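# Fold and contact review
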Amino acid sequence: MPPSIHPVDLITALRHKHLTPAIVFLTSRRACDEAMEAFDHADVVLPPVRQEAIGVALERVITQYPSIAEHPLIPIVQRIGVAAHHAGHLPSWKIAIEELMRQGHLDAVFATTTLAAGVDFPARTVVITQSSIRKSRDFTDLTIGEVQQIAGRAGRRGKDHVGFAVITPSPYIDLTVLTKGLTGQPEAIDSQFTISYPMVLNLLKAHPHEHIHGILAKSFAQFQLNQRAELIEKKLDLVQTQLAPFGPRQCTDWITQWQTFDHVRKRRPARHQTHRSESPEIAARLPFLTPGRVVGLHRGRGIVLRQYRSKGQKNSMLTMLRPDGAVTECPVTSVQEVYDRTYDCVESPAYPWCSTDTFDRLSEQLEDLPPRLPILPILASQPVEPLPDAIVQSLGDFPCPTCSSRPACQKDFLTASRLRQEQHRHTKSIQALRTSLWHRFQERVEVLQTFGYLTSTAQLTADGEWARLIRIDHSLLITELIRAEAFTGADPSLLTGIMASLAHDDDRPGAFPRISPDLSSLLRQVRKLAENLTPHEDPPLLRADVAALAERWIAEPTLTWIGLCRLTTMAEGDIYRLLARTIEYLSQLQTLKATHPGLADSAAQALALIRRGVLEELP
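Just so it is clear, the structure is predicted and the values come from calculations on it, not from any experiment. (Residues numbered from 1 in each chain as written. Predicted model: local features only at pLDDT ≥ 70, side-chain atom pairs only at ≥ 80, totals over all residues. Heavy atoms only, no water.)

## Considerations on the overall build of the protein chain
Formally: The numbering of helices and of strands both runs from the N terminus, where a helix is a DSSP run of H or I of at least 4 residues and a strand a run of E of at least 2. Here the globule rule reads 2.2 Å times residues to the power 0.38, and the radius of gyration is calculated from C-alpha atoms. Relative accessible area decides the class of each residue, using a 1.4 Å probe on protein chains only: under 20% of the type maximum gives buried, over 50% gives exposed, and in between gives partly exposed. Should any heavy atoms of two residues lie within 4.5 Å, those residues are counted as being in contact. In this tally, Lys and Arg are treated as positive and Asp and Glu as negative; His is ignored, and so are the chain termini. A charged residue contributes its charge at one atom only: NZ of Lys, CZ of Arg, CG of Asp or CD of Glu.
A tally of regular secondary structure across the protein chain gives 24 helices and 12 strands. On C-alpha atoms alone, the protein chain measures out to a radius of gyration of 36 Å, which is more than a quarter above the 25 Å that the 2.2 N^0.38 rule sets for 619 residues. Projected onto its principal axes, the C-alpha coordinates of the protein chain cover approximately 105 × 70 × 65 Å. Considering the protein chain as a whole, with its 619 residues, one finds that 45% of them fall into the buried category. Sequence-distant contacts in the protein chain: of pairs separated by 6 or more residues, those separated by 24 or more amount to 73%. Averaging the coordinates of the 67 positive side-chain charges in the protein chain and doing the same for the 68 negative ones gives two points 6 Å apart.

In structure tokens form, the structure reads like this:
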């Protein structure tokens, strides 16, 4: 969403108040680009001296990064002294903007919140135009840490004594969020540590299995888990203190005995009913077989007039109005379908169990029903598992009726039972937090043993030795593809297309070139294997359109970067990141020279072809 103040007016005001250079944080890349477009015909140009200084600085950057020589934003940057900086731009362009800002040539930069962290990009003023941020496809409020990261960009070290954070008015801004962000304590850092398959293989390559538990215990992730466990331990101590008055009485564990008794008592009526009632499927239908409901029978259809159950009858019965105007009785078990169609029915206590008007109207409506009606989905509940005979038999032997402490136990049971349940829940949570990291490691070990990368004693097999070199996302899928010889005979362009589809993790739609039949066939094979591995590894998006873009870059060595960008609506910066990640994936395959020389050679050829143009400028 754009700022409520026109970008030209905003920059003019900041200049007038001597609040430049400034970073204007906007919600999206599109908002940044639209803000730049607003300066196309603006007359707030810089003096010639400053324009010349910007031109000289840009020339120096262009010498190092020739790909930005014809960037369409250069004229505005040089004429107005403002720029845009977001992930849709090439890294070389972002470097140029950062350099201009550091040298004091720019008055303002329109940026997304990605600029708030990770880049040395100070300014005298930051302008906050939003209290929410787009994450995936939804907007969420800025966290305290994000607000403070944004505000923390205000004030240049060694140049400004103070920094200014300006909040612009907007119907989309929530001052409560920003006030809390500027005055509150930042959220705690949460470890993102995950145990991957290559991590397991490399740990077992370097350390004995029994030593790894100690290594994981020293991780920051386990440290945070221990902190959470300690908080629950304090709650557990409090619960145990509250449980102390409910200690052993006549029975050593009277709470458990009373819980068993209570459990049996509640289940006993259910056992009594299940003996006499219908099956779960029929029982689930009964609430829907109300007067006026249309149902399907063995022969034809009918409308329910009443549901009843006479003494001695095993099943519930229905009184039905049939298409010929007949009123019949039938058991509910004769109903084949329950339709999602109900008519108003004025009931009557005597035959035909509805008013005369209702009877005539229902007869006409029954005749006019369409051949097909939507069926009402009815879910049958799971059958109740019978109690063990031992528990049922113990009900009669329960000692409390003759126990002298029964009144006290009966009075305290509900409180004691609740505390006991809290005690068990806290104990389980503590145990899970203390051991979850190790359990996750063990789960990965078992999977790798199942697939033959580890022996039963957790030693690396021959496949495990080379599989540990694949240290990228979806490593299990990639190593299984290699073992299945899916890449045998695949030329560099096909290999690059598959690696790009694995590396890409953005589901934003766009326009892309058409995929080749060979790549489409290979991608189907990859997708099928990925589905089979779903229980062990989250499947990648495997977007065919993105794979086609990378394939075209390799298959046509004469294709220029500008030509590639014209083949898709994908942003330039996104294309760069896609190919940069693909390079990383291909580099991993290139390391398999000893065990898979053909695949490594194909990866090496792909790397030689992919590194051209913009991709040559940056390491």
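## Examining the packing of aromatic side chains
How two aromatic rings sit relative to each other is set out by the distance from centre to centre and by the angle between their planes. What counts, and what does not: Only centres within 6.5 Å qualify two rings of Phe, Tyr or Trp (six-membered ring in Trp) as a pair; their planes then separate them into stacked at under 30 degrees, edge-to-face at over 60, and tilted for everything else.
Throughout the structure, instances matching the rule amount to 5 aromatic pairs. Measuring from centroid to centroid gives 6.0 Å for phenylalanine 39 and phenylalanine 110, while their planes differ by 50°, and the two rings are tilted. With phenylalanine 39 in the loop between α2 (29-37) and α3 (48-64) and phenylalanine 110 in strand β3 (residues 108-111), the pair connects residues that are 71 residues apart, well separated along the chain. Here phenylalanine 39 and phenylalanine 110 have matching classes, each one buried. Summarising the aromatic geometry, the rings of tryptophan 438 and phenylalanine 441 are spaced 5.4 Å apart at their centres and angled 15° between planes, so their arrangement reads as stacked.

## Here we look at the sheet that holds strand β4 (residues 125-128)
For the record, the criterion: At least two bridges found by DSSP between two strands is the condition for calling them paired. Axis definition: a line fitted to C-alpha atoms, over the contacting stretch in the case of helices. Angles run 0 to 180 degrees between N-to-C directions.
Read from one edge of the open sheet, 5 strands run β2-β3-β1-β4-β7, paired in parallel fashion. In this open sheet, the two edge strands, each paired with only one partner strand, are β2 (82-85) and β7 (164-167). The average undirected angle you get between the axes of adjacent strands in this sheet is 20°.

## Concerning the layout of surface pockets
In this approach the atoms are scanned with a rolling probe the size of a water molecule, which exposes any empty space left behind. Basically, it comes down to this: In this analysis a 1.4 Å probe is tested at points of a 1 Å grid over the protein atoms alone, and where it fits but cannot get out there is a cavity; an open set with protein on both sides within 12 Å along at least five of seven lines is a pocket; lining residues have an atom within 4 Å of a point. Grid points are joined across faces, edges and corners, and a volume is the space filled by probe spheres set on the points. Just so you know the grouping, Ala, Val, Leu, Ile, Met, Phe, Trp, Tyr, Cys and Pro go in nonpolar, Asp, Glu, Lys and Arg go in charged, and all remaining residues, Gly too, go in polar.
Estimated volume of the second largest pocket: approximately 460 Å³. For the second largest pocket, the lining is made up of 22 residues, of which Ser196, Ile472, Asp473, His474 and Glu537 are closest to its centre. It is helix α8 (residues 197-206) that provides the largest number of residues to the lining of the second largest pocket, a total of 4 residues. Partitioning the lining of the second largest pocket into residue classes produces 8 nonpolar, 7 polar and 7 charged.

## Quick notes on helix α6 (residues 144-151)
Cut-off, in case you're wondering: When we speak of the arc, we mean the arc of directions from the helix axis to the C-beta atoms.
All buried positions along α6 are accounted for by Ile144, Val147, Ile150 and Ala151. Here the buried residues of α6 occupy an arc of 130° about the axis, which is enough to place them on one side. Lining the buried residues of α6 we find β1 (22-25), β4, β7 and α7 (175-183).

## A few points about the side chain of glutamine 224
For the record, the criterion: N or O atoms closer than or at 3.5 Å make up a polar contact, with two conditions inside protein: a donor-capable atom paired with an acceptor-capable one, and, for residues adjacent in sequence, both atoms drawn from side chains.
Relative to the helices and strands, glutamine 224 resides in helix α10 (residues 220-243). For glutamine 224, a relative accessible area of 13% gives the class buried. At 2.7 Å, the side chain of glutamine 224 and the backbone nitrogen of serine 191 are in polar contact. Each residue touching glutamine 224, except ones within four places of it in the same chain, is listed here: Ile189, Asp190 and Ser191.

## Comments concerning the nonpolar core
As a reminder, the rule being used: The set of buried Ala, Val, Leu, Ile, Met, Phe, Trp, Tyr and Cys residues whose side-chain atoms join them within 4.5 Å is what this entry labels a nonpolar core.
Judged by nonpolar contacts, the single largest core of 76 residues is most densely connected at Phe441 and Trp561. Looking at this core element by element, the count peaks at 8 residues for helix α22 (residues 572-590). Ignoring any residue separated from it by four or fewer positions in sequence, one finds tryptophan 561 in contact with Leu90, Trp553, Glu572, Ile575, Tyr576, Leu579 and Val614. Leu14, Val82, Leu100 and Leu142 belong to the second largest nonpolar core, which has 57 residues in total.

## Some words on the packing of α6 against α7
So the rule is basically this: For classification purposes, angles smaller than 35 degrees are called roughly parallel, those larger than 145 roughly antiparallel, those between 65 and 115 roughly perpendicular, and all remaining angles oblique.
Two elements in contact, α6 and α7, have axes separated by 8 Å at closest approach and are oriented at 75°. The orientation of α6 with respect to α7, classified from their angle, is roughly perpendicular. Where α6 approaches α7, its residues Ile144, Val147, Gln148 and Ala151 are matched on the opposing element by Leu178, Lys180, Gly181 and Leu182. Counted by class, the contact of α6 with α7 contains 5 nonpolar, 2 polar and 1 charged residues.

## Topic: the sheet that holds strand β8 (residues 293-296)
Strand order in the open sheet made by the 5 strands is β11-β10-β9-β8-β12, with antiparallel pairing throughout. At either end of the open sheet lies a strand with only one pairing partner, and these are β11 (327-331) and β12 (337-342). Across the sheet, the mean angle from the axis of one strand to that of its neighbour is 40°, orientation sign disregarded. Across 5 bridges, the pairing between strand β9 (residues 301-308) and strand β10 (residues 317-321) is antiparallel. Paired with valine 304 across the bridge in β10 is methionine 320.

## Examining the packing of helix α18 (residues 492-503) against helix α19 (residues 517-532)
Quick reminder of the rule: When the near helix sits turned anticlockwise from the far one by under a right angle, the crossing is termed left-handed; a clockwise turn instead gives a right-handed crossing.
Close contact between α18 and α19 brings their axes to 10 Å; oriented N to C, the two are set at 45°. In terms of axis orientation, α18 runs oblique to α19. Read as a crossing pair, α18 and α19 show a hand that is right-handed. Between α18 and α19, the residues in contact are Leu494, Gly497, Ile498 and Ser501 and Asp518, Leu519, Leu522, Leu523 and Val526, respectively.

## Overview of the pattern of salt bridges
Using the following cut-off: Note on definitions: salt bridges are taken to be side-chain nitrogens of Lys or Arg within 4 Å of carboxyl oxygens of Asp or Glu.
Summed over the entire model, instances satisfying the criterion amount to 21 salt bridges. Salt-bridge contacts for arginine 15 lead to aspartate 107; the nearest nitrogen and oxygen are separated by 2.7 Å. Placement of the pair is arginine 15 in helix α1 (residues 7-16) and aspartate 107 in the loop between α5 (91-102) and β3, with a sequence separation of 92 residues. On the accessibility criterion, arginine 15 (21% relative accessible area) is partly exposed. Using a relative accessible area of 7% as the deciding quantity, one classes aspartate 107 as buried. Of the charged contacts, one joins arginine 420 and aspartate 253 as a salt bridge, the two residues approaching to 3.2 Å between their closest N and O atoms. Linking arginine 420 in helix α15 (residues 406-450) with aspartate 253 in the loop between α10 and α11 (254-276), this pair joins segments that are 167 residues apart in sequence. Here arginine 420 falls in the buried class, since its relative accessible area comes to 14%. One continuous salt-bridge network, built from bridges that share partners, spans Arg15, Arg50 and Asp107.

## Topic: empty space enclosed by the protein
Applying the stated criterion across every chain, the model contains 1 cavity of 30 Å³ or more. Volume-wise, the largest cavity comes out at about 50 Å³. If you go around the largest cavity, the residues you meet are Tyr197, Pro198, Leu201, Leu448, Tyr453, Ala467, Ile470, Ser475, Leu476 and Thr479. Elements with a contribution of two residues or more to the lining of the largest cavity: α8 and α17 (475-483). Residue composition of the lining of the largest cavity, by class: 8 nonpolar, 2 polar and no charged.

## Considerations on the confidence of the model for the protein chain
Reading predicted coordinates in detail is not appropriate for stretches of low pLDDT. Quick reminder of the rule: pLDDT expresses, on a scale from 0 to 100, how confident the predictor is about each individual residue.
For the protein chain, the average pLDDT comes to 87, and 93% of its residues sit at 70 or higher. Note on residues 271-275: pLDDT is under 50 here. Beyond four places in sequence and across chains, it has 3 contacts.

## Structural notes on the pairing of β3
On β3, burial covers both faces: Ala108 and Phe110 on one face and Val109 and Ala111 on the other are all buried. Across 4 bridges, β1 lies against β3 in parallel orientation. What sits directly across from isoleucine 23, in β3, is valine 109. The sheet contact formed by β2 and β3 spans 4 bridges and is parallel.

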